[in-house]
Amino acid sequence: MSSASSPAFFKSIKTFNDFQGVAEDENYHPLPDDWFLAMADIVSSTEAIASGRYKDVNIAGASVISAVLNAVGGKGYPFVFGGDGATLALPQTYEAQVRDALLGVRQWIGQELKLDLRIAIIPLSDIRRHGHDVKVARYAASEHVSYAMFSGGGVAWAERQMKTGAYRIEDKGLSPPAPDFSGLSCRWRPIKAKHGRIVSLIVAPGGADTGAKFRDLILKITTLTRSYQREGHPVTEDGLKLAFTPRPIIREAQMRKGLRQRVRSALSASLQMVLTAWSLALKISVGRFNADLYRSDIVGNSDFRKFDDGLKMTLDIDDTLLARLRALLDEAKQQGIARYGLHTQDSALMTCFVPTALSKDHVHFIDGGSGGYAAAASAMRKSFS
């Protein structure tokens, strides 16, 4: 497939709407040779989460996606939210803009959240030169939104390189431009489990020669979860409650530069929350905005499951299904087919990227409410160390 410096490449890929399609090779297409991966994650995220800063860790990961996509002028490029970080794939023509955006995000996160963001840009040519690939598929979570799924081993290899310090982006003593976080918000309360537990699950291949068996395992896992209520989807319309506390408004204001911009942001966010609550309570539209329809779209657009060289799911399930999943995963682990990490909690968190509430293609990143994917990844590392 030819290179493209616009969203045309990703949008040209046919979508699939049955999540089991993540295990089918024919849904994946190689990224163009002159593209690159932009990657970021929070250093020592496990320690930050242990101190109760899981919301800050989540907003840091989502901020990478919003800043990079705003820097290149749109949402037409593939990305995946990892809880404490993110991965995006873009054409080489945007490297300078993406580099500045990542440096700006790292500086903002260091100053405002007191967290250390690791950032890197890894060319596809280097990934392929080391014997790996990056293929992308489009999963249609709803009729309005499709999410990128990655396979080929290249994302996992690139992440390992980033953690060793390879491909690290340096600021060279220059002050980066302020990142554009337009559309990024976190105005909803944690979403309580309805069926017992919110389970954060990560499943990765056990070795390079387990391809077919690993795909079979993914099909077994998705078959188990699809038979459950709403396939384990943790977000429901009645579970979405606005967070009428100062914290989310302050957090949004922190993303603006300068006192005047921050005050304006806080006032705007407060007014929008009041109007949303009013629309929900009275079941009426405010101008062209209908909160009931918006809330319904949130549920459909949520990214509670994904695949990026491994399966990641945030599920609302009971102890019976959890036990069946553990048994299946333990067997796969013993056979060397897979590695896995699992973390349970009482609620899920949602962080939103909503360039405009009047469009229906807003995206919503889902993670566990007290550790989530970062805690699951830590559990996986400990069990295989």
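Scroll up to find the structure.
In short, a report on the structure. Small disclaimer: the values here were computed from a predicted structure and weren't measured.

**Some details on the overall build of the protein**
Link 1 in the chain: Secondary structure assignment for the protein yields twelve helices and 18 strands.
Link 2 in the chain: In summary, the protein has a C-alpha radius of gyration of 20 Å against a globular reference of 21 Å for 385 residues, a match within 12%.
Link 3 in the chain: Relative to its full complement of 385 residues, the protein shows a buried share of 54%.
Link 4 in the chain: Of the contacts formed within the protein by residues at least 6 apart in sequence, a portion of 78% connects residues at least 24 apart.
Link 5 in the chain: Surface summary for the protein: the accessible area is close to 16500 Å², and the carbon and sulfur share equals 51%.

**With respect to the sheet that holds strand S15 (residues 311-317)**
Link 1 in the chain: The sheet built from four strands is open, its strands ordered S14-S15-S11-S16 with antiparallel pairing. Edge positions in the sheet fall to strand S14 (305-307) and strand S16 (338-345), since each has one partner strand and no second. Put simply, the sheet's adjacent strands are angled 15° from each other on average, direction ignored.
Link 2 in the chain: Contacting strand S11 (197-205), S14, S15 and S16, helix H12 (residues 372-383) runs over the sheet at an angle of about 135° to S16.

**Remarks on the pattern of salt bridges**
Link 1 in the chain: Here the structure, examined in full by the defined rule, presents 23 salt bridges.
Link 2 in the chain: Between Arg 262 and Glu 112 there is a salt bridge whose closest N-O contact spans 2.7 Å. Placement of Arg 262 in helix H9 (residues 259-282) and of Glu 112 in helix H4 (residues 95-113) is noted, with a sequence separation of 150 residues between them.
Link 3 in the chain: In this structure Glu 112 comes out as partly exposed when scored by relative accessible area, which is 23%.

**Side note on unusual backbone geometry**
Link 1 in the chain: For Lys 114, which is not glycine, the phi dihedral falls at a positive 55°.
Link 2 in the chain: Its location among the elements puts Lys 114 in the loop between H4 and strand S6 (117-123).
Link 3 in the chain: Given a relative accessible area of 62%, Lys 114 falls into the exposed group.
Link 4 in the chain: Its identity is not glycine, yet Arg 230 carries a phi of approximately 55°, on the positive side.

**What about the packing of aromatic side chains?**
Link 1 in the chain: A full pass over the atoms with the stated rule returns eleven aromatic pairs.
Link 2 in the chain: Aromatic pair Phe 79 and Tyr 147: ring centres 6.4 Å apart, planes at 90°, arrangement edge-to-face. Residue Phe 79 is found in strand S4 (residues 79-81), and its partner Tyr 147 is found in strand S8 (residues 146-151); the two are separated by 68 residues along the sequence.
Link 3 in the chain: Judged by relative accessible area, which is 8%, Phe 79 ranks as buried.
Link 4 in the chain: Aromatic side chains Trp 157 and Tyr 167 sit 6.5 Å apart centroid to centroid with 65° between the ring planes, which places their arrangement in the edge-to-face category.

**Here we look at helix H10 (residues 291-301)**
Link 1 in the chain: Within H10, burial applies to Ala 291, Tyr 294, Arg 295, Asp 297, Ile 298, Val 299 and Asn 301.
Link 2 in the chain: Its side-chain oxygen at 3.0 Å from the backbone nitrogen of Asp 292, Asn 290 defines the N-terminal cap of H10.

**Comments concerning the nonpolar core**
Link 1 in the chain: Residues Leu 37, Val 98, Met 149 and Val 203 are the most contacted members of the largest nonpolar core, which totals 120 residues.
Link 2 in the chain: Among the elements that take part in this core, helix H3 (residues 54-71) stands out by supplying nine residues, more than any other.
Link 3 in the chain: Formed by six residues, the second largest nonpolar core is a distinct cluster that contains Ile 202, Ala 204, Ala 377 and Met 380.

**Quick word on the side chain of Ser 302**
Link 1 in the chain: When you line up the elements, Ser 302 lands in the loop between H10 and S14.
Link 2 in the chain: A distance of 2.7 Å separates a polar atom in the side chain of Ser 302 from the backbone oxygen of Ile 298.
Link 3 in the chain: In contact with Ser 302, not counting residues within four places along its chain, are Ala 141, Tyr 147, His 233, Val 235, Met 350, His 364 and Ile 366.

**Here's the deal with the environment of Ile 221**
Link 1 in the chain: Along the chain, the position of Ile 221 falls in helix H7 (residues 211-226).
Link 2 in the chain: Owing to a relative accessible area of 0%, Ile 221 belongs among the buried residues under this scheme.
Link 3 in the chain: For the pair formed by Ile 221 and Val 203, sequence separation is 18 residues and the distance between their alpha carbons is 9.8 Å.
Link 4 in the chain: With residues up to four places along the chain from it excluded, the contact list for Ile 221 reads Val 203, Leu 311, Met 313, Leu 325, Leu 328 and Leu 329.

**Side note on the sheet that holds strand S5 (residues 85-91)**
Link 1 in the chain: Taken in spatial order, the four strands line up as S4-S5-S3-S6 in an open sheet, and their pairing is antiparallel. Bordering the open sheet on either side are S4 and S6, each of which pairs with just one other strand. Averaged over all adjacent pairs, the angle separating strand axes in this sheet is 10°, with direction ignored.
Link 2 in the chain: Alignment of S4 against S5, held across three bridges, turns out to be antiparallel. Residue pairing across strands places Val 80 opposite Thr 87, the latter belonging to S5.
Link 3 in the chain: Strands in contact with H4 are strand S3 (35-42), S5 and S6; relative to S6, the strand with the most contacts, it is inclined by about 165°.
Link 4 in the chain: Where helix H6 (residues 154-163) meets the sheet, its contacts fall on S3, S5 and S6, and the angle it forms with S3 comes to roughly 55°.

**Here we look at the pairing of S8**
Link 1 in the chain: With five of six residues buried, S8 is to be regarded as a mostly interior element.
Link 2 in the chain: Note: strand S7 (residues 135-140) against S8, six bridges, orientation antiparallel. Looking across to S8, one finds that Tyr 139 is bridged to Tyr 147.
Link 3 in the chain: Hairpin geometry of S7 and S8 is characterised by an intervening segment of five residues between the two adjacent antiparallel strands.

Rules and cut-offs
Residues numbered from 1 in each chain as written. Predicted model: local features only at pLDDT ≥ 70, side-chain atom pairs only at ≥ 80, totals over all residues. Heavy atoms only, no water. Helix = DSSP H or I, 4+ residues; strand = E, 2+ residues; numbered from the N terminus. Rg over C-alpha atoms; globule rule 2.2 N^0.38 Å. Buried < 20%, exposed > 50% of the residue type's maximum accessible area, 1.4 Å probe, protein only. Contact = heavy atoms within 4.5 Å. Areas by Shrake-Rupley, 256 points an atom, 1.4 Å probe, with all protein chains shown as cover. Pairing = 2+ DSSP bridges. Axes fitted to C-alpha atoms, helices over the stretch in contact; angles between N-to-C directions. Salt bridge = Lys/Arg side-chain N within 4 Å of Asp/Glu carboxyl O. Phe/Tyr/Trp six-rings, centres within 6.5 Å; stacked < 30°, edge-to-face > 60°. Polar contact = N/O pair within 3.5 Å; in protein donor to acceptor, adjacent residues only side chain to side chain. Core = buried A, V, L, I, M, F, W, Y, C linked by side-chain atoms within 4.5 Å.

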